[in-house]
Amino acid sequence: ETGVTQSPTHLIKTRGQQVTLRCSSQSGHNTVSWYQQALGQGPQFIFQYYREEENGRGNFPPRFSGLQFPNYSSELNVNALELDDSALYLCASSLGTGVAETQYFGPGTRLLVL
Amino acid sequence: AQSVTQLDSQVPVFEEAPVELRCNYSSSVSVYLFWYVQYPNQGLQLLLKYLSGSTLVKGINGFEAEFNKSQTSFHLRKPSVHISDTAEYFCAVTRSGGSNYKLTFGKGTLLTVNP
């Protein structure tokens, strides 16, 4: 059984560009949640996808968007990058939408915006 | 809305000493509580969680936490730490009913275990 994987591991972009981050969920998991972890901070919830539909969203602007595919893998897209978007982006997969279901986290993608 | 305060940003201890990492939460509704560990350059790993039942929760790697509703706390303890426990520890909370899909994390406590 493979765990949660994310790609790429590191990424450097310039302000105004767009970025796509990818996440492969653990086998059998139908739910993916995305978090942003700024340096020295705890993770902040961006949104969750369940069976290809957005199930909930945190306090992030619309330029943060996502997709979930039929195989339950997921993408996080960020448009019009800002310097403050520099962070570690974590995805977590689970068997269901409630957090009583254990969330399994990937190693993250570290994004630097210059 | 829920919030979490981790009272210590850094906790240095010597190997084989006991440790307590403090977490307080704020919520107007019933909650579930979690502790996660993050080793350098890795994602988060669940240590333990409180959903209901016994207020003393045992987790992996010898850690345990006690849910105290009157003090709105969920402190993490280990009786004897190892060098390998050096990591960042995050306390997290979510509401226990309805759409509880969103974890709210504290800012983390860096535990450094010295020889």
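Refer to the structure presented above.
Residues numbered from 1 in each chain as written. Chains lettered and ligands numbered in written order. Predicted model: local features only at pLDDT ≥ 70, side-chain atom pairs only at ≥ 80, totals over all residues. Heavy atoms only, no water.

*Asks:* Explain the overall build of chain B here, please?
*Replies:* Per the secondary structure count, chain B includes zero helices and twelve strands. Along its sequence from the N terminus, chain B presents helices and strands in the succession β-β-β-β-β-β-β-β-β-β-β-β. In terms of overall size, chain B behaves like a compact globule, its C-alpha atoms giving a radius of gyration of 14 Å where 115 residues would be expected to give roughly 13 Å. By its C-alpha atoms, chain B is 45 × 30 × 20 Å across when sized along the principal axes. Looking at chain B as a whole, 45% of its 115 residues qualify as buried. The long-range fraction of contacts in chain B, counting pairs at least 24 apart against all pairs at least 6 apart in sequence, stands at 56%. A total of about 5,600 Å² of accessible surface is found on chain B, and carbon and sulfur atoms cover 48% of it. Averaging the positions of the 9 positive and the 8 negative side-chain charges in chain B gives two centres separated by 14 Å. (Helix = DSSP H or I, 4+ residues; strand = E, 2+ residues; numbered from the N terminus. Rg over C-alpha atoms; globule rule 2.2 N^0.38 Å. Buried < 20%, exposed > 50% of the residue type's maximum accessible area, 1.4 Å probe, protein only. Contact = heavy atoms within 4.5 Å. Areas by Shrake-Rupley, 256 points an atom, 1.4 Å probe, with all protein chains shown as cover. Lys, Arg positive; Asp, Glu negative; His and termini not counted. Charge placed at Lys NZ, Arg CZ, Asp CG, Glu CD.)

*Asks:* I'm lost on a nonpolar patch on the surface in this one. Help?
*Replies:* A contiguous nonpolar patch, built from Ile12, Leu112 and Leu114 of chain A and spanning about 300 Å² of accessible area, is present on the exposed surface. Secondary-structure assignment places leucine 112 of chain A in strand E11 (residues 109-113). (Patch = residues over 30% accessible without salt bridge, like charges linked within 9 Å, V, L, I, M, F, W, Y side chains within 5 Å. Salt bridge = Lys/Arg side-chain N within 4 Å of Asp/Glu carboxyl O.)

*Asks:* Would you mind showing me how to read the interface of chain A and chain B here?
*Replies:* The extent of an interface is frequently quoted as the accessible surface area lost upon association of the parts. Counting residues at the interface gives 23 residues for chain A and 19 residues for chain B. Counting the surface lost from both chain A and chain B, the interface buries some 1,600 Å², and carbon and sulfur atoms represent 59% of this. If you look at where chain A meets chain B, you find zero salt bridges. Applying the counting rule to chain A against chain B returns two residue pairs in polar contact (both at pLDDT 80 or more). Those elements that place two or more of their residues in the side of chain A that touches chain B are strand E4 (31-37), strand E5 (44-50), strand E6 (53-57) and strand E9 (87-94) of chain A. Ranked by residues supplied to the side of chain A that touches chain B, first place goes to E6 of chain A with three residues. The residue inventory of the side of chain A that touches chain B, partitioned by class, reads nine nonpolar, twelve polar and two charged. (Buried area = accessible area lost by both parts, 1.4 Å probe. Polar contact = N/O pair within 3.5 Å; in protein donor to acceptor, adjacent residues only side chain to side chain. Nonpolar A, V, L, I, M, F, W, Y, C, P; charged D, E, K, R; others polar.)

*Asks:* Looking at this structure, how should I read the side chain of threonine 109 of chain A?
*Replies:* Residues and elements named next belong to chain A. Examined against the element boundaries, threonine 109 turns out to sit in strand E11. At a separation of 2.5 Å, a polar atom in the side chain of threonine 109 contacts the main-chain carbonyl oxygen of proline 8. Filtering out sequence-adjacent residues up to four positions away, threonine 109 remains in contact with Gln6, Ser7, Pro8, Thr9, Leu21, Ala87, Leu88 and Tyr89.

The analysis is restricted to geometry; functional conclusions fall outside its scope.
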